[in-house]
Amino acid sequence: LALKWYHSHVVLADLTLRARIARMVRQGPPDQNFLWPLDFAEIQGSPSFGYIMPLISSDRRPLKDLFVAPPRGINPALDIRATACFDIATSFQRLHATGYCYQDINFGGFFIDAERGTIQICDADNIAVDGEPGGVYGTRKFMAPEVVRRQALPSTKTDLYSMAVLFFYMIFNWHPLDGKREAQPGILDQAMEMKFYGQEPCFLFDPHSDANGPVPKVHDWVVARWAAMTERMRALFMRVFTLGLTQIQDRPLESEW
């Protein structure tokens, strides 16, 4: 087991944290892949508290190691990456079925068995009841456009977008909205990030616009893998990163992945 502990300043900054953790302890995990709070840990008279959770298995590696160079980096085969995506989709379907949303899907929340593709999901303190304010908006480049613009709070619908971004990263080692605009020389400042990922998002493989299309010698590997995908997989990614950028009801459900 592991103990996660919150210092006083964290507890005071996130006023719903204690109630969220208490509810999760009472209800139990929706899926065994979640490193879920099992019990409270408290010190009498102190605002600090923590919770007991399962320890990350020794055969797991941080998912972010897929995106770093050797020797620390890992490079599982495509079928292992696809298995991990399937495992994630299944777990989030079960989470969402209980009325929860994860709010902050990003590399840091996942650990992968690089030989089998099985997944463990941590950072359960991100989780909140769908529709209720939680402690976070999300992580840079994973947030749905409406959350980037601060026109919506994280929800199960924004989870579907962030999950698709994670899948694109896992299969293509690239962000789906990083095309010729992001590849231009210069620093990607806050205003540009708001435009590219919030106000005017455009898919790298948008069939109706080449405004953010692939650049030769920059995106060649991504283009080759895109061509190697099945038509069904391309259709799902196309849907979430074209219609789904603005029409949240068109984002593929977990069961479709």
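Look up: the structure comes first, before these words.
Residues numbered from 1 in each chain as written. Predicted model: local features only at pLDDT ≥ 70, side-chain atom pairs only at ≥ 80, totals over all residues. Heavy atoms only, no water.

**Description of the nonpolar core**
So, step 1. Core analysis: the largest hydrophobic core is formed by 65 residues, its most contacted members being Phe237 and Phe241.
So, step 2. For this core, the leading source of residues is helix α5 (residues 156-172), giving 12 residues.
So, step 3. Sequence-distant contacts of phenylalanine 237, that is, excluding residues within four places in its chain, are made with Ala164, Phe167, Phe168, Ile171, Phe172, Phe203, Trp226 and Trp257. (Core = buried A, V, L, I, M, F, W, Y, C linked by side-chain atoms within 4.5 Å. Buried < 20%, exposed > 50% of the residue type's maximum accessible area, 1.4 Å probe, protein only. Helix = DSSP H or I, 4+ residues; strand = E, 2+ residues; numbered from the N terminus. Contact = heavy atoms within 4.5 Å.)

**A few points about the pattern of salt bridges**
So, step 1. In this structure the tally under the stated criterion is 16 salt bridges.
So, step 2. As a salt-bridge pair, arginine 116 and aspartate 113 come within 2.7 Å of each other at their nearest N and O atoms.
So, step 3. Between arginine 234 and glutamate 231 there is a salt bridge, with the nearest N and O atoms lying 2.8 Å from each other. You can see arginine 234 and its partner glutamate 231 sitting in helix α9 (residues 231-240), 3 residues apart, about one turn around the helix.
So, step 4. Arginine 234 gets classed as buried once you look at its relative accessible area, which sits at 18%.
So, step 5. A single network of salt bridges, built from pairs that share partners, joins Asp59, Arg60, Asp113 and Arg116. (Salt bridge = Lys/Arg side-chain N within 4 Å of Asp/Glu carboxyl O.)

**Overview of α9**
So, step 1. All buried positions along α9 are accounted for by Arg234, Leu236, Phe237 and Val240. The buried residues of α9 all sit within an arc of 160° when viewed along its axis, so they share a single face. Residues of α9 that are exposed and point more than 90 degrees away from the buried face comprise Glu231 and Arg232.
So, step 2. For α9, the secondary structure elements touched by its buried residues are α5 and α8 (220-228). (Arc of directions from axis to C-beta.)

**Details of the packing of aromatic side chains**
So, step 1. Under the definition given, this model contains 29 aromatic pairs.
So, step 2. On the numbers, 5.9 Å between centres and 80° between planes, the contact of phenylalanine 34 with tryptophan 36 is edge-to-face.
So, step 3. For tryptophan 36, a relative accessible area of 0% puts it in the buried group.
So, step 4. Seen from their ring centres, phenylalanine 237 and tryptophan 257 are 5.0 Å apart, and the 55° between their planes marks the pair as tilted. Of this pair, phenylalanine 237 sits in helix α9 while tryptophan 257 sits in the segment after α9, and the two are 20 residues apart along the sequence.
So, step 5. Residue tryptophan 257 is classed as buried on the basis of its relative accessible area of 17%.
So, step 6. Ring pairs connect the aromatic residues Tyr161, Phe167, Phe168, Phe172, Phe203, Phe205, Trp226, Phe237, Phe241 and Trp257, which therefore count as one cluster.
So, step 7. The positively charged end of arginine 150 is found above the aromatic ring belonging to tyrosine 137, 3.8 Å away from the centroid. (Phe/Tyr/Trp six-rings, centres within 6.5 Å; stacked < 30°, edge-to-face > 60°. Lys NZ or Arg CZ within 6 Å of the ring centre and 35° of its normal.)

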